[in-house]
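# Coordinate inspection notes
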2 protein chains.
Amino acid sequence: MKPFLTTTLLAIGALGLASTALADLKPEEQIKYRQAGYSFMAWNMGKIKANLEGDYNAEQVAAAANAIAAIANSGMGALYGPGTDKNVGDVKTRLKPEFFANLEDVGVIAGNFVTASNQLAAVAAEGDQADVSNAFGEVGRACKACHDKYRAD
Amino acid sequence: MKPFLTTTLLAIGALGLASTALADLKPEEQIKYRQAGYSFMAWNMGKIKANLEGDYNAEQVAAAANAIAAIANSGMGALYGPGTDKNVGDVKTRLKPEFFANLEDVGVIAGNFVTASNQLAAVAAEGDQADVSNAFGEVGRACKACHDKYRAD
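Everything in this summary refers to the structure shown in the same document. Values in this document were obtained by computation on a predicted structure and should not be read as measured data. (Residues numbered from 1 in each chain as written. Chains lettered and ligands numbered in written order. Predicted model: local features only at pLDDT ≥ 70, side-chain atom pairs only at ≥ 80, totals over all residues. Heavy atoms only, no water.)

Another point: the state of the cysteines. Residue and element names in this part refer to chain A. Tallied over the entire structure, the rule returns zero disulfides over all chains. Cysteine 143 carries a free sulfur, and the closest cysteine sulfur to it, the one in cysteine 146, is 9.0 Å from it. Classification of cysteine 143 as partly exposed rests on a relative accessible area of 23%. (Disulfide = S-S within 2.5 Å. Buried < 20%, exposed > 50% of the residue type's maximum accessible area, 1.4 Å probe, protein only.)

Here we take up the interface of chain A and chain B. Chain A puts 28 residues into the contact, and the matching count from chain B is 27 residues. In total, chain A and chain B occlude about 2,100 Å² of area from one another, counting both sides; carbon and sulfur atoms represent 70% of this. Of all residues in chain A, the largest losses of buried area upon contact with chain B belong to Tyr33, Phe40 and Trp43 of chain A, amounting jointly to 30% of the total for that side. Here chain A and chain B share zero salt bridges between them. (Contact = heavy atoms within 4.5 Å. Buried area = accessible area lost by both parts, 1.4 Å probe. Salt bridge = Lys/Arg side-chain N within 4 Å of Asp/Glu carboxyl O.)

All names here are of chain A. Summed over all chains, the structure comprises ten salt bridges over all chains. The partner of aspartate 105 in a salt bridge is lysine 149, and the shortest N-O contact between them spans 3.0 Å. With aspartate 105 in helix α5 (residues 103–126) and lysine 149 in helix α6 (residues 129–150), this pair connects stretches of sequence that are 44 residues apart. By relative accessible area, which is 25% here, aspartate 105 ends up partly exposed. Given a relative accessible area of 42%, lysine 149 falls into the partly exposed group. Across the salt bridge formed by lysine 144 and aspartate 148, the nearest N and O atoms sit 2.8 Å from each other. You can see lysine 144 and its partner aspartate 148 sitting in helix α6, four residues apart, about one turn around the helix. Residue class for lysine 144 comes out partly exposed when judged on its relative accessible area of 48%. (Helix = DSSP H or I, 4+ residues; strand = E, 2+ residues; numbered from the N terminus.)

So, about the side chain of threonine 93 of chain A. Residues and elements named next belong to chain A. Position of threonine 93 among the secondary structure elements: in the loop between α3 (58–72) and α4 (98–101). Of the residues examined, threonine 93 reaches a relative accessible area of 14% and is grouped as buried. Side-chain polar atoms of threonine 93 contact the side chain of arginine 34, separated by 3.0 Å. (Polar contact = N/O pair within 3.5 Å; in protein donor to acceptor, adjacent residues only side chain to side chain.)

Formed by 61 residues in total, the largest nonpolar core has its most connected members in Phe40, Ile48 and Leu120 of chain A together with Phe40, Ile48 and Leu120 of chain B. Those residues in contact with phenylalanine 40 of chain A that sit more than four places away from it in its chain are Ala67 and Ile71 of chain A together with Tyr33, Ala36, Gly37, Ile71, Ser74 and Met76 of chain B. (Core = buried A, V, L, I, M, F, W, Y, C linked by side-chain atoms within 4.5 Å.)

Residues and elements named next belong to chain B. One way to put it is that helix α2 (residues 27–53) packs onto helix α6 (residues 129–150) with a least axis distance of 11 Å and a crossing angle of 140°. Considering their axes alone, α2 and α6 lie oblique with respect to each other. In terms of crossing hand, the pair formed by α2 and α6 is left-handed. In this structure, α2 uses Met45, Ile48, Lys49, Asn51 and Leu52 to contact α6, whose residues at the interface are Gln129, Val132, Ser133, Phe136, Val139 and Gly140. Its residues placed into classes, the contact of α2 with α6 shows six nonpolar, four polar and one charged. (Axes fitted to C-alpha atoms, helices over the stretch in contact; angles between N-to-C directions. Parallel < 35°, antiparallel > 145°, perpendicular 65-115°, else oblique. Left-handed = near helix turned anticlockwise from the far one by under 90°. Nonpolar A, V, L, I, M, F, W, Y, C, P; charged D, E, K, R; others polar.)

Bringing the packing of aromatic side chains into the picture now. Considering all chains together, one arrives at ten aromatic pairs over all chains under this definition. Note on tyrosine 80 of chain A and phenylalanine 99 of chain A: the rings are 4.7 Å apart at their centroids and 20° apart in plane angle, and the pair reads as stacked. Here the residue tyrosine 80 of chain A occupies a position in the loop between α3 and α4, and phenylalanine 99 of chain A occupies one in helix α4, the gap between them amounting to 19 residues. Geometrically, the ring pair formed by phenylalanine 99 of chain B and tyrosine 150 of chain B is edge-to-face, given 6.0 Å between the ring centres and 85° between the ring planes. (Phe/Tyr/Trp six-rings, centres within 6.5 Å; stacked < 30°, edge-to-face > 60°.)

Right under this line is the structure:
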């Protein structure tokens, strides 16, 4: 796992600078891809929650945590280009315009999310259910930190 | 990486047996989550393709390959429950009914996809562009093998 500061700076970097590979994605494509990432993470968060509340399958939890961490580390900041805080045709977004006025804060929040996701993947690989429960809570709080500030209800 | 046979059997297992955690997902939710996974993998495949065709950023490619592999290993077979070969309201799917009549073949194809994805992640971490190009082609062929047989145009 990368140190917190490095992770945060990388997150800010990812937010500020879309790569050549992504420069030609339209706003509606960026919105769709980032929603796909969050949706797939939500499915995996749901699986982990169900495991913590029921029969615990360590292999399933580890796979779910790996998916969340890998998505979190995939550079999703590049999917927050200009214009992606507005609906485009039938592609809807709940991103608040405040997001773009607070990129430093967003970078810190994103860094926390990456750190928490990496921690969850690390403890899920070890298989201790109490550790997973704690790390899962941290990921949930990291998600909520952004939703509370930058996602419309 | 797991041996091929094990991976294939796991894939068949995942396809045949939804876990308790997932048993209560409605068909339309299963369709949405699996489409989210494929969409997010497509974004990452696009990034790798752009890197191979332009300036090669080994860190971005490794992160993209990790995301693809982690999604491939997350047990998506559980998102192919009964009824998910039909549109549900405004949730559309292109899955052909033939999928359910050929689960053994589907398991082999899914196993190939997991193996190819793991191989791509492994060589992407090493950073050799020629190896990545070959492994990327294998993943693309593994995707296409399923699309050709079980996805409607």
